[in-house]
Amino acid sequence: MTDDIVLRLDRASAEDLYEVLWLLGEHIAAGAPIPEPPAEAEERAGPGIQVPG
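Residues numbered from 1 in each chain as written. Predicted model: local features only at pLDDT ≥ 70, side-chain atom pairs only at ≥ 80, totals over all residues. Heavy atoms only, no water.

J.: A description of the overall build of the chain should follow, citing residues and the corresponding values.
T.: Check the secondary structure of the chain and you find two helices and zero strands. Within the span of the chain, comprising 53 residues, buried residues form 9% of the whole. Only carbon and sulfur atoms are counted for the fraction: they give 57% of the accessible area of the chain, which is about 4600 Å². (Helix = DSSP H or I, 4+ residues; strand = E, 2+ residues; numbered from the N terminus. Buried < 20%, exposed > 50% of the residue type's maximum accessible area, 1.4 Å probe, protein only. Areas by Shrake-Rupley, 256 points an atom, 1.4 Å probe, with all protein chains shown as cover.)

Written out as structure tokens, the structure reads:
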């Protein structure tokens, strides 16, 4: 691919992103409501990023 996008994240941010994406996918597939993410994930996401939930 010529239009690759590479994200460089610290371990905590990468784990938070993985958890959020996994939860979203699982809940969407099951037709279930999206749960509120852990407070630590929202704190690490920073003020400019909204974590779905």
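J.: Explain the pattern of salt bridges residue by residue, including any values.
T.: Applying the stated criterion across every chain yields a total of one salt bridge. With its nearest N and O atoms 3.7 Å apart, the salt bridge here joins R11 to E15. Of this pair, R11 and E15 both sit in helix 1 (residues 11–30), four residues apart, which is roughly one turn of that helix. Residue classification places E15 among the partly exposed residues on the basis of a relative accessible area of 44%. (Salt bridge = Lys/Arg side-chain N within 4 Å of Asp/Glu carboxyl O.)

J.: Residue-level account of the environment of P38, with values.
T.: Along the polypeptide, P38 turns up in the loop between helix 1 and helix 2 (39–45). Using a relative accessible area of 29% as the deciding quantity, one classes P38 as partly exposed. For the pair P38 and V20, spaced 18 residues apart in the sequence, the C-alpha separation amounts to 9.5 Å.

J.: Just give me the short version of the environment of V20, but keep the residues and values in it.
T.: Assignment of secondary structure puts V20 in helix 1. The spacing of V20 and I34 is 14 residues in sequence and 9.8 Å in space, taken between C-alpha atoms.

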